[in-house]
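# Overview (structure and organization)
If you want the building blocks of each chain, they are given just below.
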Amino acid sequence: DAKTTQPNSMESNEEEPVHLPCNHSTISGTDYIHWYRQLPSQGPEYVIHGLTSNVNNRMASLAIAEDRKSSTLILHRATLRDAAVYYCILSNQGGKLIFGQGTELSVKP
Amino acid sequence: NAGVTQTPKFRVLKTGQSMTLLCAQDMNHEYMYWYRQDPGMGLRLIHYSVGEGTTAKGEVPDGYNVSRLKKQNFLLGLESAAPSQTSVYFCASSPDRAGANVLTFGAGSRLTVL
């Protein structure tokens with residue numbers, strides 16, 4: 001299974017945009033890029049996913065590099081409720097999601 | 001619509017005891033998964049199932065058994081619990097096997113083995 005690399009932690013100010021990076025240099029052509037987040041004492045929740053093109057939904061945007069070796073999760077206006085661990089994961093046709101360590105995002109008021 | 005429900009939410013066991021964690025989903029999903037999460041770490045896949053009657057090993061399957069007798073239920077068993085199995089266990093389900101499938105997680109089951 002291809003691996004992802006994320007910074008261990010990041011800080012953001014409330015109401016400012018946040019860009020969470022993810023490197024996946026060994027990604028294969030059929031791997032989807034998924035992002036999940038885990039709020040304290042809760043199970044992970046889905047944020048967004050994509051294959052080749054940039055994606056937007058009500059929670060976030062996903063920017064995928066042209067060579068697909070990296071991607072960035074964009075939270076347009078961070079709120080205190082966005083403080084969580086964010087996981088970047090690759091998923092292929094086998095359907096398994098293998099989680100890494102994730103990035104712990106803290107949001108300052 | 002309950003989504004994914006895990007029982008029990010908390011359990012304390014003594015070393016050597018056995019127990020079963022139950023995961024139930026009401027979304028008619030084909031795939032189901034069991035993960036464990038240790039303090040300060042990400043989730044590690046224990047076992048998963050691609051449909052009723054099937055199971056497969058994940059990253060850390062040793063010491064655990066699973067069964068998927070009904071499509072909506074995925075059971076995780078510990079035959080002889082060890083302190084190293086103290087963890088928070090998460091169940092998840094997804095509709096299909098394609099790489100685009102999205103997982104829905106339960107709230108977790110916290111297990112302590114003394």
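Residues numbered from 1 in each chain as written. Chains lettered and ligands numbered in written order. Predicted model: local features only at pLDDT ≥ 70, side-chain atom pairs only at ≥ 80, totals over all residues. Heavy atoms only, no water.

Our next topic: the overall build of chain A. Of regular secondary structure, chain A possesses zero helices and nine strands. Helices and strands appear in chain A in the N-to-C order β-β-β-β-β-β-β-β-β. Its C-alpha atoms give chain A a radius of gyration of 13 Å, within 12% of the compact-globule value 13 Å for 109 residues. For chain A, the C-alpha atoms occupy an extent of roughly 40 × 30 × 25 Å along the three principal directions. Relative to its 109 residues, chain A shows a buried fraction of 44%. Taking contacts inside chain A between residues at least 6 apart in sequence as the whole, the part at least 24 apart equals 56%. Total accessible area on chain A stands at roughly 5,500 Å², and carbon and sulfur atoms take up 46% of it. The centroid of the 9 positive side-chain charges in chain A is displaced by 5 Å from the centroid of its 11 negative side-chain charges. (Helix = DSSP H or I, 4+ residues; strand = E, 2+ residues; numbered from the N terminus. Rg over C-alpha atoms; globule rule 2.2 N^0.38 Å. Buried < 20%, exposed > 50% of the residue type's maximum accessible area, 1.4 Å probe, protein only. Contact = heavy atoms within 4.5 Å. Areas by Shrake-Rupley, 256 points an atom, 1.4 Å probe, with all protein chains shown as cover. Lys, Arg positive; Asp, Glu negative; His and termini not counted. Charge placed at Lys NZ, Arg CZ, Asp CG, Glu CD.)

Turning our eyes to something else, we now look at the pairing of strand 8 (residues 84–91) of chain A. Residues and elements named next belong to chain A. Counting buried positions along strand 8 yields seven of eight residues, so the element is predominantly enclosed. Bridging between strand 8 and strand 9 (residues 103–108) involves three bridges; their strand directions are antiparallel. By the bridge assignment, Tyr86 is partnered in strand 9 with Thr103. (Pairing = 2+ DSSP bridges.)

Moving on to the pattern of salt bridges. Residues and elements named next belong to chain B. One pass over the full model with this rule turns up seven salt bridges over all chains. For Asp38, the salt bridge identified is with Arg44, shortest N-O distance 2.5 Å. Of the residues examined, Asp38 reaches a relative accessible area of 11% and is grouped as buried. Residue class for Arg44 comes out partly exposed when judged on its relative accessible area of 27%. (Salt bridge = Lys/Arg side-chain N within 4 Å of Asp/Glu carboxyl O.)

A few words now on the packing of aromatic side chains. Overall, the coordinates contain 11 aromatic pairs over all chains when judged by the stated rule. Where Phe99 of chain A meets Tyr35 of chain B, the ring centres are 5.4 Å apart and the plane angle is 80°; that geometry is what we call edge-to-face. Of the two residues, Phe99 of chain A is situated in the loop between strand 8 and strand 9 and Tyr35 of chain B in strand 4 (residues 31–37); the pairing between them involves two chains. Side by side, Phe99 of chain A and Tyr35 of chain B carry an identical accessibility label, which is buried. Both rings, one in Phe99 of chain A and one in Phe105 of chain B, keep their centres 5.9 Å apart while their planes meet at 85°; by these two values the pair is edge-to-face. Taken together, the residues span two chains, with Phe99 of chain A in the loop between strand 8 and strand 9 and Phe105 of chain B in strand 10 (residues 104–105). (Phe/Tyr/Trp six-rings, centres within 6.5 Å; stacked < 30°, edge-to-face > 60°.)

Cis geometry is adopted by the peptide bond preceding Pro8 of chain B, which originates at Thr7 of chain B and carries an omega value of -10°. Tracing the backbone shows Pro8 of chain B in the loop between strand 1 (4–7) and strand 2 (10–13). If you check the backbone angles, Ser41 of chain A has positive phi at about 60° while not being a glycine. Structurally, Ser41 of chain A can be placed in the loop between strand 3 (32–38) and strand 4 (45–50). Classification of Ser41 of chain A by relative accessible area gives exposed; the value is 76%.

Counting residues at the interface gives 21 residues for chain A and 22 residues for chain B. The interface formed by chain A and chain B contains zero salt bridges. The tally of links between chain A and chain B comes to four residue pairs in polar contact (both at pLDDT 80 or more). Only strand 3, strand 4 and strand 8 of chain A provide two or more residues apiece to the side of chain A that touches chain B. A total of four residues in the side of chain A that touches chain B trace back to one element, the largest contributor, which is strand 3 of chain A. The residue makeup of the side of chain A that touches chain B, split by class, is eight nonpolar, 12 polar and one charged. (Polar contact = N/O pair within 3.5 Å; in protein donor to acceptor, adjacent residues only side chain to side chain. Nonpolar A, V, L, I, M, F, W, Y, C, P; charged D, E, K, R; others polar.)

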